[in-house]
Amino acid sequence: MKILIINGPNLNMLGKRDKATYGRKTLAEIDSVVKKQGEKLDAEITSFQSNSEGALVDFIQQQSSSADGIIINPGALTHYGFSLRDALADSGLPIIEVHLSNIYAREEWRAKSVIAPIAKGQISGLGWQGYIVALQALLAELKGENI
Ligand code: DQA
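Residues numbered from 1 in each chain as written. Predicted model: local features only at pLDDT ≥ 70, side-chain atom pairs only at ≥ 80, totals over all residues. Heavy atoms only, no water.

K.L.:
Lay out the site of the ligand in plain terms, naming residues and giving numbers.
P.N.:
In the neighbourhood of the ligand, the contacting residues comprise Arg-17, Tyr-22, Asn-73, Gly-75, Ala-76, His-79, His-99, Leu-100, Ser-101, Ile-103 and Arg-110. Contact between the ligand and Ala-76: an oxygen atom at 3.2 Å from a main-chain N or O atom of the residue. Measuring from an oxygen atom of the ligand, one finds a side-chain N or O atom of Arg-110 at 2.8 Å. Protein contacts shield 99% of the accessible area of the ligand, which totals 320 Å² for the unbound molecule. In a pocket analysis with a 2 Å cut-off to the grid points, the ligand is assigned to the largest pocket. For the shell around the ligand, the class distribution of residues is four nonpolar, five polar and two charged. (Near = heavy atom within 4 Å. Polar contact = N/O pair within 3.5 Å; in protein donor to acceptor, adjacent residues only side chain to side chain. Areas by Shrake-Rupley, 256 points an atom, 1.4 Å probe, with all protein chains shown as cover. 1 Å grid on protein atoms, 1.4 Å probe; cavity = no way out; pocket = protein on both sides within 12 Å on 5 of 7 lines; lining within 4 Å. Sits in = over half its atoms within 2 Å of the grid points. Nonpolar A, V, L, I, M, F, W, Y, C, P; charged D, E, K, R; others polar.)

Written out as structure tokens, the structure reads:
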């Protein structure tokens, strides 16, 4: 199985940015833990981060035909990124949305996700472990084990 792990704006600053909210791990550290888990579960992980919505859309358009599923933390684009949402929907792939923080326990505007309606599911508030949970759930889904 080939899984795309996509991170949106400002997630390249993990490890420096608001550690009380987003944790101490850098994105490279999270990627490495998720890739190790992927190896154990026989999944090939391709990870990508950009601060630009257009670059995220380009990546999804280029990669989705050779992938089986997408795990995405869209950062603030979660709340207003309609072209990102369209690209994810157009990919036709199962999508799991991940947030390090609990977006429902913060500012009111963060509680709205424009991605959630086209996602298979959402994990919010479990920190970096959310990516691991998402990977396990997505692979189970792809193998038909969630039924
Ligand atoms: C985030 C939550 C978003 O509201 C925020 O803009 C982020 C990170 C999270 O992982 O908790 O950049 O997606």
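Having put the structure on the table, let's press on.
K.L.:
Residues and numbers for the packing of helix 3 (residues 53-63) against helix 4 (residues 82-91), please.
P.N.:
At a minimum axis distance of 9 Å, the contact between helix 3 and helix 4 shows a crossing angle of 5°. The angle between helix 3 and helix 4 places the two elements in the roughly parallel class. Counting all contacts with helix 3, which are made through Glu-53, Leu-56, Val-57 and Ile-60, the residues of helix 4 involved are Phe-82, Ser-83, Leu-84, Ala-87, Leu-88 and Ser-91. In the contact of helix 3 with helix 4, the residues fall into seven nonpolar, two polar and one charged. (Axes fitted to C-alpha atoms, helices over the stretch in contact; angles between N-to-C directions. Helix = DSSP H or I, 4+ residues; strand = E, 2+ residues; numbered from the N terminus. Parallel < 35°, antiparallel > 145°, perpendicular 65-115°, else oblique. Contact = heavy atoms within 4.5 Å.)

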